[in-house]
Protein chains: 2
Amino acid sequence: MCGTDGCLIKSSSIPCATPENGPRDTSMTIVLDHGDPTMYESYWRKIENKCDITFNGYELLSYFANSKSLCWFLESKLEEEIKRLHNVVENAIVDDHYIIVGTGSSQLMQAALYALSPTDEPEPISVVSAAPFYSSYPEVTDFVRSGLHKWAGDARTFEKDGPYIEFITSPNNPDGVIREPVVNGDQGKLIYDLAYYWPQYTAITVPANHDVMLFTISKCTGHAGSRIGWALVKDKEVARKMTKFMEISTIGVSKEAQLRAARILEVISDSCLDPTLENFFEYTQSLMTDRWQRLRQVVMANDIFVLPKYPLQYCFFIKDFRESHPAFAWLICKGSEEEDCEKLLKGHKIQTRSGRKFGSDSRNVRISMLSRDEDFNIFLQRLMAIQRPTSDN
Amino acid sequence: MCGTDGCLIKSSSIPCATPENGPRDTSMTIVLDHGDPTMYESYWRKIENKCDITFNGYELLSYFANSKSLCWFLESKLEEEIKRLHNVVENAIVDDHYIIVGTGSSQLMQAALYALSPTDEPEPISVVSAAPFYSSYPEVTDFVRSGLHKWAGDARTFEKDGPYIEFITSPNNPDGVIREPVVNGDQGKLIYDLAYYWPQYTAITVPANHDVMLFTISKCTGHAGSRIGWALVKDKEVARKMTKFMEISTIGVSKEAQLRAARILEVISDSCLDPTLENFFEYTQSLMTDRWQRLRQVVMANDIFVLPKYPLQYCFFIKDFRESHPAFAWLICKGSEEEDCEKLLKGHKIQTRSGRKFGSDSRNVRISMLSRDEDFNIFLQRLMAIQRPTSDN
């Protein structure tokens, strides 16, 4: 997210080429630092009013959605559509899991840390993730200097005995790799961040079935502005503590956002089941495939950068073998360790996020693949124009 | 909020008489523990479709609302309607203040604590509020055991030198009293929680003009389910840090909720300015006046309880003298210090919140005055039936 790295604070000096700024000034820096998922807009425009939802003034007054449910602020309709979509896509087991809704999955990360941290220990529990890890994990863990949990860095170099929490992001943000736990200690508590485990990004090889799994509508459907995420949680006590976190933190989650999210998920499930409708995941997968092909061509042509390769895997959703097309390109500048890829691209008016922020090095950058078409096209043109410095220089 | 004190966790054993449970079973306990503001529903039903708002599928995809604004996730329309309403009601100065939107005002309390806490001190800053104080302040301050700030209890007994943060809730939750700062130290940072500074509850005597002021749509309009609050903040650096908190915590605030809130505030301002419309605040003030009169009659009749008295004050909004009609009744059981008023009322199937949770004693309880009519009527009937034990007992 751009904002979390202070991009927005700098926005008066570096104008962001974001759509709400009005007609595009193509001289502006293209912001691909954050993963703003605006590329699916064309799908939502095509289906016209099928997703419309109207709220009148007397609805949704109460804090409560369902006081009989463990997660008392979760709208039943959203719960139903979350379960339905996971069953349609077969990317996660929902039976025997509690559903906790959050204001985006960021809040649920904090709720999960709160729920999994021991309360009877003198020291905060260590929180780790294998590098390159999502750049927000350190900040989310430490921003209020919690005495419950503390960021302890790269899971691969973590050697402390005792309890710890490991974030497993699969497919991984930033590099799109499918991941397993790394520490494998006796007292590990695992949070699976599955924001990108959807068919437009990767093969659905197995329904995920873990103790704590996080999802977000932002990366699934593109509706980042709604701020809706959900956790699937096996253990009742963990689910209860996560709900408690949500109560104290925000007394629940916007009902308008929940009900609109429910409608959107419903339309997507329908599109997968009704052959007369345009399948959302086939449509968006085809957009991602096209973008990745064009990016790989440019990268191959200028011979300055490298992109990761992804294995072919059988996807049970599309019933065929396929490559991954991650939401981010994890671009590597060829050259020495001192190479600063973020700086190089910034010089060409492409704002990306340095590998350093992901516990990696400055040769890498993370680039959003989810921008609007116009931004993506300008990005490719600018990337194409970058030349290897000649030996004279 | 009921949930924050664990009521919901107990809801399987004590069924809550909340509307989503279906047809009322009048034998159930009436839950007046939390301030669920459902009583304004009749106003919103009367205005029919004037508040309707429709979202289609392709809107509100981006994380961003206005990347040029300091609070980059704040919808311009909401900003405009917040300013307009404060100008119409004249309850707060908005000029020279930044507006930060939050997922309810609870999140903004945490954002304000984050922004006002020093980062270069070895010890967390003390956070205080004069008893009886809002029962969530201790929990919100300490729930993740922050190293930035720590709850230090009743502001009246706070004697530590150095920096501190004081919450000033005015009108106060739970007791409806108009408040000023209590500690008055050199290094105090003040957060004004003005959730109840609206004409249905109290006289608008002066436009509030403080460094940090918190408001919420929940108590102003009754739309608690939307989870929209806002802060008016004078200092740019504080506003920036609060925005940063919101970025890390939830990457902004639901756009659906913001835009619906904007529509609701717009309708309220219109209702105040257009004499052909039913003025929202006159309507809701008349509901509150009626409830308080009826409650005072019952309390006077059974001679077991006492209610606070509020002075007549000139209200610049209604242009007349008036009493306060707070959102909560702060009921005192006559008798010794050992009197447990919460227990007494629970025995009569009225669930309230004990004074102990507000830093006060068990003779007091806080009772929501904002329930639906049916609940309020049952509450009065049950209260009326309570008899002083005879000396034989």
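What comes next is a walk through the structure. Every value quoted in this text rests on a predicted model; they were computed, and no experiment measured them.

## Let's talk about the interface of chain A and chain B
- Residue-level contacts link 78 residues of chain A with 79 residues of chain B.
- Here chain A packs against chain B, burying approximately 7,000 Å² in sum over the two surfaces, 58% of which is carbon and sulfur.
- Sorting the residues of chain A by area buried against chain B places L61, Y63 and R145 of chain A first, and these three jointly supply 11% of that buried surface.
- At the junction of chain A with chain B, the criterion picks out four salt bridges.
- The salt bridge partner of K244 of chain B is E139 of chain A, with a shortest N-O separation of 3.6 Å.

## Side note on the relation of the copies chain A and chain B
- Once turned by 180° and shifted 0.0 Å along the axis, chain A lies on chain B with an RMSD of 0.0 Å. Put plainly, the chains are arranged around a two-fold axis.
- Comparing contact sets, 100% of the residues at the interface of chain A also lie at the interface in chain B, consistent with an isologous, same-surface contact.

## What about the packing of helix α3 (residues 104-116) of chain B against helix α6 (residues 236-250) of chain B?
Residue and element names in this part refer to chain B.
- Relative orientation of the contacting elements α3 and α6 amounts to 125°, with a least axis distance of 8 Å. With respect to α6, the element α3 is oriented oblique. Every pair of crossing elements has a handedness; the one defined by α3 and α6 is right-handed. Every residue of α6 that contacts α3 at Q107, L108, Q110, A111, A112, Y114, A115 and L116 is listed here: V238, K241, M242, K244, F245, M246, I248, S249 and T250.
- Residues of the contact of α3 with α6, tallied by class, amount to 11 nonpolar, four polar and two charged.

## Considering the pairing of strand β8 (residues 212-216) of chain B
All names here are of chain B.
- With five of its five residues buried, β8 lies for the most part within the structure.
- Of the two faces of β8, both are covered, the one formed by V212, L214 and T216 as well as the one formed by M213 and F215.
- Note that strand β7 (residues 188-193) and β8 share two bridges and pair parallel. Each residue of the ladder has a partner; that of D193, found in β8, is L214.
- Across five bridges, β8 lies against strand β9 (residues 228-233) in antiparallel orientation. Within the sheet, the bridge partner assigned to M213 lies in β9 and is L232.

## Re the packing of aromatic side chains
- The final tally for this structure, using the stated rule, is 53 aromatic pairs over all chains.
- Judged by centre distance (5.3 Å) and plane angle (40°), the ring pair of F245 of chain A and F143 of chain B falls under tilted. With one member in each of two chains, F245 of chain A in helix α6 (residues 236-250) and F143 of chain B in the loop between α4 (136-142) and β5 (149-154) form a pair that bridges those chains.
- Taking the relative accessible area as the measure of exposure, F143 of chain B reaches 13% and is therefore buried.
- Relative to F316 of chain B, the ring of Y314 of chain B has its centre 5.2 Å away and its plane inclined at 80°; by these criteria the two rings are edge-to-face.
- A relative accessible area of 31% places Y314 of chain B in the partly exposed class.
- With relative accessibility at 48%, the residue F316 of chain B sits in the partly exposed group.
- Grouped by ring-pair contacts, the aromatic residues Y40, Y43, W44, W198, F215, W230, F280, F281, Y283 and F317 of chain A constitute a single cluster.
- Sitting above the plane of the Y58 of chain B ring, R45 of chain A keeps its charged end 4.0 Å from the centroid.
- The lysine or arginine in question, R366 of chain A, covers the ring of F328 of chain A, its NZ or CZ lying 3.6 Å from the ring centre.

## Things to note about the nonpolar core
- Ranked by internal contacts, the top residues of the largest apolar core, which has 236 residues, are W44 of chain A together with W44 of chain B.
- Excluding anything up to four places from it in sequence, W44 of chain B contacts G57, Y58 and L61 of chain A together with C51, T221, H223, I264, V267, I268 and F280 of chain B.
- Residues I53, F55 and L259 of chain A together with L259 of chain B belong to the second largest nonpolar core, which totals eight residues.

## Concerning the sheet that holds β8 of chain B
Residue and element names in this part refer to chain B.
- As summarised here, the arrangement of the seven strands in space is β3-β9-β8-β7-β6-β4-β5, forming an open sheet in which the pairing is mixed. In this open sheet, the two strands that pair with only one neighbour each are β3 (98-103) and β5. Neighbouring strand axes in the sheet, compared pairwise and without regard to direction, differ in orientation by 25° on average.
- Pairing analysis gives six bridges linking strand β6 (residues 164-169) to β7, with the strands arranged parallel. Of the residues in β7, the one forming a bridge with T169 is D193.

## A word on the sheet that holds strand β15 (residues 353-354) of chain A
Residues and elements named next belong to chain A.
- Spatial strand order, β10-β13-β16-β15: four strands in an open sheet with antiparallel pairing. Taken across any chain shown, the strands that pair with only one partner, and hence form the sheet edges, are β10 (305-306) and β15.
- Judged from the five bridges that link them, strand β13 (residues 328-333) and strand β16 (residues 364-368) form a sheet pairing that is antiparallel. Looking across to β16, one finds that W330 is bridged to R366.

Rules used in this analysis
Residues numbered from 1 in each chain as written. Chains lettered and ligands numbered in written order. Predicted model: local features only at pLDDT ≥ 70, side-chain atom pairs only at ≥ 80, totals over all residues. Heavy atoms only, no water. Contact = heavy atoms within 4.5 Å. Buried area = accessible area lost by both parts, 1.4 Å probe. Salt bridge = Lys/Arg side-chain N within 4 Å of Asp/Glu carboxyl O. Least-squares fit on C-alpha atoms with pLDDT ≥ 70 in both. Axes fitted to C-alpha atoms, helices over the stretch in contact; angles between N-to-C directions. Helix = DSSP H or I, 4+ residues; strand = E, 2+ residues; numbered from the N terminus. Parallel < 35°, antiparallel > 145°, perpendicular 65-115°, else oblique. Left-handed = near helix turned anticlockwise from the far one by under 90°. Nonpolar A, V, L, I, M, F, W, Y, C, P; charged D, E, K, R; others polar. Buried < 20%, exposed > 50% of the residue type's maximum accessible area, 1.4 Å probe, protein only. Pairing = 2+ DSSP bridges. Phe/Tyr/Trp six-rings, centres within 6.5 Å; stacked < 30°, edge-to-face > 60°. Lys NZ or Arg CZ within 6 Å of the ring centre and 35° of its normal. Core = buried A, V, L, I, M, F, W, Y, C linked by side-chain atoms within 4.5 Å.

Treat this as a map of the structure, not an account of what it does.
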